[in-house]
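Each chain, written out:
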Amino acid sequence: QVQLVESGGGLVQPGGSLRLSCAASGSSFNINTMAWYRQAPGKQRELVAAITSGGSTNYVDSVKGRFTISRVNAKKTVYLQMNSLKPEDTAVYYCNADVGLYSSGRGYYTNDYWGQGTQVTVSS
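Residues numbered from 1 in each chain as written. Predicted model: local features only at pLDDT ≥ 70, side-chain atom pairs only at ≥ 80, totals over all residues. Heavy atoms only, no water.

(A) View of the sheet that holds strand β3 (residues 18–26). Across the sheet, which stays open at both edges, the four strands sit in the order β1-β3-β8-β7 with antiparallel pairing between neighbours. Every other strand in the sheet has two partners, leaving β1 (2–7) and β7 (67–72) as the edge strands with one partner each. Across the sheet, the axes of successive neighbouring strands diverge by a mean angle of 15°, strand direction being ignored. Examined bridge by bridge, β3 and strand β8 (residues 77–82) share six bridges and lie antiparallel to one another. Bridging across to β8, S21 finds its partner in Y79. (Pairing = 2+ DSSP bridges. Helix = DSSP H or I, 4+ residues; strand = E, 2+ residues; numbered from the N terminus. Axes fitted to C-alpha atoms, helices over the stretch in contact; angles between N-to-C directions.)

(B) Expanded view of the nonpolar core. Of all hydrophobic cores here, the largest spans 31 residues; its most connected members are W36, L80, M82 and Y93. Among the secondary structure elements, those contributing two or more residues to this core are β1, β3, β4 (30–39), β5 (46–51), β7, β8, β9 (91–103) and β11 (118–122). Among the elements that line this core, the one with the most residues is β9, at six residues. Residues within four places of L80 in sequence aside, it is in contact with L18, R19, L20, W36, V48, A49, F67, T68, I69 and Y93. (Core = buried A, V, L, I, M, F, W, Y, C linked by side-chain atoms within 4.5 Å. Buried < 20%, exposed > 50% of the residue type's maximum accessible area, 1.4 Å probe, protein only. Contact = heavy atoms within 4.5 Å.)

Remember that the coordinates give geometry; whether it matters functionally is a separate question.
Right, here's the structure in full:
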């Protein structure tokens, strides 16, 4: 079992910055891709940024140049640095991790885990 806990959300003015953190805990053999998704009211959940175990990153076009995803593998933690925030960034942000696990009964296998979400509100 793997648990993801997000932190760092809150209320910020347009143009401001926030840094989201997501820490994984529990049994894990390997964390593959980690990602941040977001869902605004009335909208579909979208992938914001992703980072592979090797450090390759991808971003949705709307945040390129403003957001930076990073990870510290030893801490099993992924971050999302959000700069130049816009009201359109307002959403619940969810951490996601693709995890490789091991059990004596099943051997090695992969699973997908989600955090509970953290609210980001960009408003004057």
